[in-house]
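# Close look at the chain arrangement
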Amino acid sequence: MTTRHDQTQTLSIEFIECRWGLLFFNLHLGEKIFETNFSNVFDPLPSLKHWLEAVAIGVDQCSFQYDPEGDDVCFNFERRCYDFEVFSVGYAYDDEKSYFEGKIGRRQLVEAFYRGFLEYGNSPEFDRDSWAHDCIGEGSSELSEIRSPIIDAFSGS
């Protein structure tokens, strides 16, 4: 369990690859690593954007849940007191504890996801063709669609 006296940790996102409509990435929080993926069939980008906006405007507790074509995953951000904010990752339907959690600042959390997705979406490693079409025949969101004036104002972009 994360306590108020724990040291603030740094979140980073490592993008692995995009293939078959799956965007594989790892979340690193301190020494902990969570391997996951987004699926273009269940396009999570609009919901991720709204979750990041909620965190940016100061919502004290908010969650983002997505289907990676497996067990649903839940990202949770929670302010526990005036100087203590926690990010946790777990499986949405698991009654057990989070896969990992750590003390993290609101700005650092938002910028790690926001900048990570925007930069990866503009990199030559990102396979747009693999991400762009899902098996239902509808287009998926471009990674650049995560851009938000709310988050830009929050992060000073």
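For the structure itself, look to the data block above.
### Looking at the overall build of the protein
- Across its full length, the protein carries four helices and seven strands.
- Order of helices (α) and strands (β) in the protein, N terminus to C terminus: β-β-β-α-β-β-β-β-α-α-α.
- Expected size for 157 residues packed as a compact globule is a radius of gyration near 15 Å; at 15 Å, the protein falls within 12% of this value.
- If one aligns the C-alpha atoms of the protein with their principal axes, the spans along those axes are about 50 × 35 × 25 Å.
- Across the 157 residues in the protein, those meeting the buried criterion constitute 50%.
- Split by element, the accessible area of the protein, about 8,300 Å² in all, is 48% carbon and sulfur.
- Charge-centre separation for the protein: the mean point of 13 positive side chains lies 10 Å from the mean point of 29 negative side chains.

### So, a nonpolar patch on the surface
- Where nonpolar side chains cluster on the molecular surface, the patch consists of I57, V59 and I150 and spans about 250 Å² of accessible area.
- Within the fold, I150 resides in helix α4 (residues 149–155).

Basis of the calculations
Residues numbered from 1 in each chain as written. Predicted model: local features only at pLDDT ≥ 70, side-chain atom pairs only at ≥ 80, totals over all residues. Heavy atoms only, no water. Helix = DSSP H or I, 4+ residues; strand = E, 2+ residues; numbered from the N terminus. Rg over C-alpha atoms; globule rule 2.2 N^0.38 Å. Buried < 20%, exposed > 50% of the residue type's maximum accessible area, 1.4 Å probe, protein only. Areas by Shrake-Rupley, 256 points an atom, 1.4 Å probe, with all protein chains shown as cover. Lys, Arg positive; Asp, Glu negative; His and termini not counted. Charge placed at Lys NZ, Arg CZ, Asp CG, Glu CD. Patch = residues over 30% accessible without salt bridge, like charges linked within 9 Å, V, L, I, M, F, W, Y side chains within 5 Å. Salt bridge = Lys/Arg side-chain N within 4 Å of Asp/Glu carboxyl O.

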